[in-house]
Amino acid sequence: LYRRYGLWFRLRKLILWLLGMYIAIPFLVKLCPAIQAKLVFLNFVRVPYFIDLKRPQDQGLNHTCNYYLQPEEDVTIGVWHTVPAALWKNARGKDQLWFEEALGSSHPVILYLHGNAGTRGGDHRVELYKVLSSLGYHVVTFDYRGWGDSIGSPSERGMTYDALHVFDWIKARSGDNPVYIWGHSLGTGVATNLVRRLCERETPPDALILESPFTNIREEARSHPFSVASTQYFPGFDWFFLDPITTSGIKFANDENVKYISCSLLILHAEDDPVVPFHLGKKLYNIAATSRSFRDYKVQFVPFHTDLGYRHKYIYRSPELPRILREFLGKSEHEHHH
C-alpha cells in the first residue's frame, strides 16, 4: 500500500510539473520574444559539430577557399568560395587572391543563402556546392552574423545586410559573368529581402532560385508540424507564439517581396517537405506568377514527387536538377546578354 501511495505521489508530482510547464512556457515566450527569435534562427544549433570551418577541404571541398569579410563594424562573417570543378587542378595550393581573381573567369556565380540551424559546412549544403561546382558554377556561401564562426547578433536586418555585402563583393570581382542568388528554407526570406533591395536600386541579379520557400514567417510558423499539433490543443496559440515573432521584427515576407522583384524566378519544392509545407511554395509561386513585376521575366515552379523522398533538404540528389538549371539559367543568361 505504501509503495502504491509513493508511486501515485510521484505521478501526481510529474503531472503538476508538466501542467506548470504547459502554462509557464507560453507566458515566458510572450514576455520574452527573444526566445521565439532564437527558435526561428536556431543559430545556436551548430551541426555537424567538431568541424573546422577554416578547413573546407575536410568536407571534401578541395577547390574551396575560406575568407572572412566585414560587412559592418563588430561584424565578421565566414565565407566559402568553391570554384567550378573545371578549375579544380588550378585551384590546388592557391591563396585567397587567386580565388578572388577566379571570379572574373568566364563562369557564372551562385550566391547561396542557407537556412536556419547549422553552418555553411552542413552536410546537405556541402553536397549541393559539389553538384553546382560540377555544373560549372562558382559557389559563394557564408554564415550570417551569429552563425558558425561569424561574429555578431542575428536579426533579419543583419542577415539581409550580410547578404548584400557579399553580393556587392562578388559583383566587384565577377566582371560581366551572371550572378544568381539561391536561397533555401529560411534563406529564401533573406534572398527575397536582398533581391527586392537590389531591384529597387536597379542592380538586380541575373536570376533568383528559391528552394523550399514559404510565403512569410508567420504562415510558415503556423504550418510547422509542431504548431499544427499545438493549435488543436492550445487556446490563444497565435497570441502566445506567433505574435512574439512579429514583435521581434521578424517577417521574412516573401509574398510581399516578390511583388517588387524583376528578374527570372525558379521555385523548387518537394511535395513531401515536412518543414516548409509544399502548399506554401505553390502559394508563393501563384503570387509571383500574377505579379506585374515579373511580366517580362520567366517564373517557373518545379515540384518533386513524394515518391522521390527529397523532403526538405535533398533536392540536390535529383538527377533532373542539372537539366532544370541548364534550361532555366540558360534562358536567364540569354536575357542577361540581350
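Keep in mind that what you see is a predicted model, and the values were worked out from it rather than measured.

### Some points on the overall build of the protein
Here comes step 1: Of the regular secondary structure elements, the protein holds 13 helices and eight strands.
Here comes step 2: When burial is assessed residue by residue, the protein has 51% of its 338 residues classed as buried.
Here comes step 3: Within the protein, counting contacts between residues at least 6 apart in sequence, those at least 24 apart form 76% of the total.

### With respect to the pairing of strand E1 (residues 64-72)
Each regular strand displays side chains that alternate between the two surfaces of the sheet.
Here comes step 1: Here seven bridges tie E1 to strand E2 (residues 75-82), and the two strands are oriented antiparallel to one another. Across the sheet, Leu 69 pairs through a bridge with Ile 77, a residue of E2.
Here comes step 2: Adjacent in sequence and paired antiparallel, E1 and E2 are bridged by two residues, among which Asp 74 carries a positive phi angle near 70°.

### A closer look at the sheet that holds E2
Here comes step 1: Taking strand neighbours across the sheet as the criterion, the eight strands line up as E1-E2-E4-E3-E5-E6-E7-E8 in an open arrangement whose pairing is mixed. Across the chains shown, the open sheet's two edge strands, defined by having one partner strand only, are E1 and strand E8 (299-304). Taking each pair of neighbouring strands and ignoring which way they run, the sheet shows an average axis angle of 20°.
Here comes step 2: When E2 meets strand E4 (residues 138-142), the two strands line up antiparallel, connected through four bridges. Along E4, the bridge assignment pairs Val 79 with Phe 142.
Here comes step 3: Sheet strands touched by helix H6 (residues 156-171): E1, E2, strand E3 (109-113), E4 and strand E5 (179-184). Its angle to E1, the strand with the most contacts, is close to 120°.
Here comes step 4: Lying on the sheet, helix H7 (residues 186-200) is in contact with E3, E5 and strand E6 (207-211); it crosses E5 at an angle near 145°.

### Focus: helix H5 (residues 123-134)
Here comes step 1: Its 12 residues place the ends of H5 17 Å apart at the C-alpha level, agreeing with the 16 Å of an ideal helix rising 1.5 Å per residue.
Here comes step 2: For H5, the full list of buried residues reads His 124, Arg 125, Val 126, Leu 128, Tyr 129, Val 131, Leu 132 and Ser 133.
Here comes step 3: Gly 136 sits one or two positions beyond H5 and adopts a positive phi of about 100°.

### With respect to the nonpolar core
Here comes step 1: One finds Phe 41, Leu 111, Leu 113, Phe 142, Ile 181, Leu 208 and Phe 252 to be the most contacted residues of the largest nonpolar core, which totals 57 residues.
Here comes step 2: Of all hydrophobic cores here, the second largest spans 30 residues; its members include Trp 80, Ile 110, Tyr 137 and Phe 328.

### Section: the side chain of Arg 120
Here comes step 1: Locating Arg 120 in the fold gives a position in the loop between E3 and H5.
Here comes step 2: Side-chain polar atoms of Arg 120 contact the side chain of Asn 66, separated by 2.9 Å.
Here comes step 3: In this structure the side chain of Arg 120 is engaged in a polar contact, spanning 2.7 Å, whose partner is the side chain of Asp 143.

### Regarding the packing of H6 against H7
Here comes step 1: Orientation of H6 relative to H7, taken along the N-to-C sense of each, is 60°, at an axis distance of 9 Å. It follows that H6 is oblique to H7 by the angle criterion. Of the two elements, H6 crosses H7, and the hand of that crossing is right-handed. Facing Glu 156, Met 159, Thr 160, Tyr 161, Ala 163, Leu 164 and Phe 167 of H6, the residues of H7 in contact are Leu 186, Val 190, Asn 193, Leu 194, Arg 197 and Leu 198.
Here comes step 2: For the contact of H6 with H7, the per-class residue count stands at nine nonpolar, two polar and two charged.

### Considerations on the pattern of salt bridges
Here comes step 1: For the structure on display, the rule yields 14 salt bridges.
Here comes step 2: Of the charged contacts in the structure, one is a salt bridge between Arg 157 and Glu 72, with a shortest N-O distance of 3.3 Å. Residue Arg 157 is found in helix H6, and its partner Glu 72 is found in strand E1; the two are separated by 85 residues along the sequence.
Here comes step 3: Linking Asp 168 and Arg 201 is a salt bridge whose minimum nitrogen-to-oxygen distance equals 2.4 Å. Highlighted residues: Asp 168 in helix H6 and Arg 201 in the loop between H7 and E6, separated in sequence by 33 residues.
Here comes step 4: For Asp 168, a relative accessible area of 31% corresponds to the partly exposed category.
Here comes step 5: By sharing partners, the salt bridges in this structure join Glu 72, Arg 145, Arg 157 and Asp 162 into a single network.

### Looking at unusual backbone geometry
Here comes step 1: Backbone geometry places Ser 185, a non-glycine residue, at a positive phi of 55°.
Here comes step 2: Owing to a relative accessible area of 7%, Ser 185 belongs among the buried residues under this scheme.
Here comes step 3: Phi is positive for Ser 212, close to 55°, though the residue is something other than glycine.
Here comes step 4: Considering the arrangement of structural elements, one finds Ser 212 in the loop between E6 and helix H8 (217-223).

### Let's talk about the side chain of Glu 100
Here comes step 1: In this structure, Glu 100 sits in helix H4 (residues 96-102).
Here comes step 2: The contact partners of Glu 100, leaving out residues within four places of it in the chain, are Tyr 67, Trp 169 and Arg 173.

### Description of the packing of aromatic side chains
Here comes step 1: Here the structure, examined in full by the defined rule, presents 12 aromatic pairs.
Here comes step 2: Between the aromatic rings of Phe 278 and Phe 301, the centroid separation amounts to 5.6 Å while the plane-to-plane angle is 65°, which identifies the pairing as edge-to-face. On the criterion of sequence distance, the pair formed by Phe 278 in helix H12 (residues 278-289) and Phe 301 in strand E8 is long-range, its members being 23 residues apart.
Here comes step 3: For Phe 301, a relative accessible area of 13% gives the class buried.
Here comes step 4: Put simply, the rings of Phe 41, Phe 142, Tyr 144 and Trp 147 pair up and form one aromatic cluster.
Here comes step 5: The ring of Trp 98 is capped by Lys 94, whose NZ or CZ atom sits 5.6 Å from the centre of that ring.
Here comes step 6: Between Arg 317 and the ring centre of Tyr 314, over which it is positioned, the NZ or CZ distance is 4.1 Å.

Rules used in this analysis
Residues numbered from 1 in each chain as written. Predicted model: local features only at pLDDT ≥ 70, side-chain atom pairs only at ≥ 80, totals over all residues. Heavy atoms only, no water. Helix = DSSP H or I, 4+ residues; strand = E, 2+ residues; numbered from the N terminus. Buried < 20%, exposed > 50% of the residue type's maximum accessible area, 1.4 Å probe, protein only. Contact = heavy atoms within 4.5 Å. Pairing = 2+ DSSP bridges. Axes fitted to C-alpha atoms, helices over the stretch in contact; angles between N-to-C directions. Expected span 1.5 Å × (residues − 1). Core = buried A, V, L, I, M, F, W, Y, C linked by side-chain atoms within 4.5 Å. Polar contact = N/O pair within 3.5 Å; in protein donor to acceptor, adjacent residues only side chain to side chain. Parallel < 35°, antiparallel > 145°, perpendicular 65-115°, else oblique. Left-handed = near helix turned anticlockwise from the far one by under 90°. Nonpolar A, V, L, I, M, F, W, Y, C, P; charged D, E, K, R; others polar. Salt bridge = Lys/Arg side-chain N within 4 Å of Asp/Glu carboxyl O. Phe/Tyr/Trp six-rings, centres within 6.5 Å; stacked < 30°, edge-to-face > 60°. Lys NZ or Arg CZ within 6 Å of the ring centre and 35° of its normal.

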